[in-house]
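Working through the structure, step by step
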Amino acid sequence: MKRNEAIKKFKPLSQKVLKRLADDSIIEFPLTDSHQLLISALCRIWTDEWYVAQMNKTFKPDKRAVMLAFPNFGKIERYILSSYLNLKPGAKLPAREMASRIQQHFEVEYPQFKIHRVRQAAYNLRRHSRSGSRKHTLIQLAMLEGNHDNFWS
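Along each chain, residues carry numbers from 1 onward, in the same order as the chain's sequence is written. Per-residue local features are limited, in this predicted model, to residues with pLDDT of at least 70; the limit for side-chain atom pairs, both in listing and counting, is 80 or more; totals at the level of whole chains, interfaces and linings are taken over all residues. Computation of side-chain values covers all heavy atoms of the structure but excludes hydrogens and water.

**Notes on the nonpolar core**
Test applied: Here, nonpolar core refers to any group of buried Ala, Val, Leu, Ile, Met, Phe, Trp, Tyr and Cys residues whose side-chain atoms link them within 4.5 Å. Throughout this description, buried means an accessible area under 20% of the type-specific maximum (1.4 Å probe, protein chains only), exposed means over 50%, and partly exposed covers the range between. Only DSSP runs of H or I reaching four residues or more are called helices, and only runs of E reaching two or more are called strands; each is numbered from the N terminus. We call two residues in contact whenever any of their non-hydrogen atoms come within 4.5 Å of each other.
Of all hydrophobic cores here, the largest spans 21 residues; its most connected members are Phe70, Ile80, Leu81, Tyr84, Met98, Ile102 and Ile115. Looking at this core, the elements with two or more residues in it are α5 (61-69), α6 (75-85), α7 (95-106) and α8 (112-128). Other than its neighbours up to four places away in sequence, Ile115 contacts Ile80, Tyr84, Ala95, Met98, Ala99, Ile102 and Tyr110. Grouped together as the second largest cluster of nonpolar side chains are 10 residues, Ala6, Ile7, Ile39 and Cys43 included.

**Considering the layout of surface pockets**
To keep things clear, this is the line we draw: A pocket here means an open set of points on a 1 Å grid, computed over the protein atoms alone, that has protein on both sides within 12 Å along at least five of seven lines. A cavity is instead a set of points where a 1.4 Å probe fits but cannot get out; residues with an atom within 4 Å of a point line either one. Grid points are joined across faces, edges and corners, and a volume is the space filled by probe spheres set on the points. Polar here means any residue outside two lists: the nonpolar Ala, Val, Leu, Ile, Met, Phe, Trp, Tyr, Cys and Pro, and the charged Asp, Glu, Lys and Arg; Gly therefore counts as polar.
The computed volume of the largest pocket comes to approximately 1100 Å³. As for the largest pocket, its lining consists of 21 residues, and the residues nearest its centre are Ser14, Val17, Trp46, Pro71 and Asn72. Listing elements by their share of the lining of the largest pocket, those giving two or more residues are α2 (15-23), α3 (33-46), α4 (49-56) and α5. When its residues are assigned to classes, the lining of the largest pocket shows 12 nonpolar, three polar and six charged.

**Focus on the packing of aromatic side chains**
Put simply, the rule reads: Only Phe, Tyr and Trp rings take part, Trp by its six-membered ring, and two of them pair if their centres are within 6.5 Å. Stacked means planes under 30 degrees apart, edge-to-face means over 60, and tilted covers everything else.
The final tally for this structure, using the stated rule, is three aromatic pairs. A centroid spacing of 5.4 Å and a plane angle of 80 degrees characterise the contact between Tyr79 and Phe106, whose relative ring orientation is edge-to-face. In this pair, Tyr79 sits in helix α6 while Phe106 sits in helix α7, placing the two residues 27 residues apart along the sequence. Classification of Tyr79 by relative accessible area gives partly exposed; the value is 24%. An angle of 80 degrees between the planes, with centres 5.9 Å apart, marks the rings of Tyr84 and Tyr123 as edge-to-face. With Tyr84 in helix α6 and Tyr123 in helix α8, the pair connects residues that are 39 residues apart, well separated along the chain. Residue Tyr123 is classed as partly exposed on the basis of its relative accessible area of 27%.

**Re α5**
We apply this condition: The arc in question is the one spanned by the directions pointing from the helix axis to the C-beta atoms.
Regarding α5, the residues found buried are Ala65, Val66 and Ala69. Projection of α5 onto a plane perpendicular to its axis shows the buried side chains occupying an angular sector of 100 degrees, all on one side.

**A short note on a nonpolar patch on the surface**
Rule in force here: Patch definition: residues above 30% relative accessible area lacking any salt bridge, with like charges linked at up to 9 Å and the nonpolar side chains Val, Leu, Ile, Met, Phe, Trp and Tyr linked at up to 5 Å. All accessible areas in this document rest on Shrake-Rupley with a 1.4 Å probe, and a residue is counted as covered only by the protein chains that are shown. By salt bridge we mean one thing: a side-chain nitrogen of Lys or Arg within 4 Å of a carboxyl oxygen of Asp or Glu.
Together, Ile45, Trp46, Trp50 and Tyr51 line one region of the surface with nonpolar side chains, adding up to about 450 Å² of accessible area. Among the secondary structure elements, those contributing two or more residues to the nonpolar patch are α3 and α4.

**Let's talk about the pattern of salt bridges**
Tallied over the entire structure, the rule returns three salt bridges. With a shortest N-O distance of 2.9 Å, Asp24 and Arg20 are connected by a salt bridge. Assessed through its relative accessible area of 40%, Asp24 is described here as partly exposed.

**Some remarks on the side chain of Ser83**
One can find Ser83 in helix α6. Residues within four places of Ser83 in sequence aside, it is in contact with Leu93 and Met98.

**Some thoughts on the environment of Lys19**
If you trace the backbone, Lys19 turns up in helix α2. When the C-alpha positions of Lys19 and Arg3 are compared, they lie 8.8 Å apart, and in sequence the two are 16 residues distant.

**Quick look at unusual backbone geometry**
The phi torsion of most residues other than glycine is negative, and most of the peptide bonds are trans. In the segment running from Lys11 into Pro12, the intervening peptide bond is cis, with an omega of 15 degrees. Among the secondary structure elements, Pro12 is positioned in the loop between α1 (3-9) and α2. Residues Phe29 and Pro30 are joined by a peptide bond in cis, for which omega reads -5 degrees. By secondary structure assignment, the location of Pro30 is in the loop between α2 and α3. Even without glycine at this site, Ser25 takes up a positive phi of about 60 degrees.

Below, the structure written as structure tokens:
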């Protein structure tokens, strides 16, 4: 089965998920019968709330909330977000310093403009969460925000 056919047949798995499965060498295109069986099982699991809830329980509440609020964030973006969210009031962390930390910790060059975007999201969250807990705020944002573009402006 070709990629376009698989995208149509195996909803709700997105094109990104299928691409990542292929990039990680879990499946290959064209799909074999065994790969189709695997993807069918994934579809069944991801459309059943019980399975999803059980898997989500393995993550700490703060990480779970961040994953819900910012599903496209990878490990580095989550690191940046938590670093800025955990700053003491009035403390500053320049983007250059964050880039240096990322270089030291992850051993990759990370563009400062991306750090600025995540930092802005963290500042927006801090502004929204003054009256309540951060975890509660993140969960609310995940439920209310279908579009995360407002965090980047």
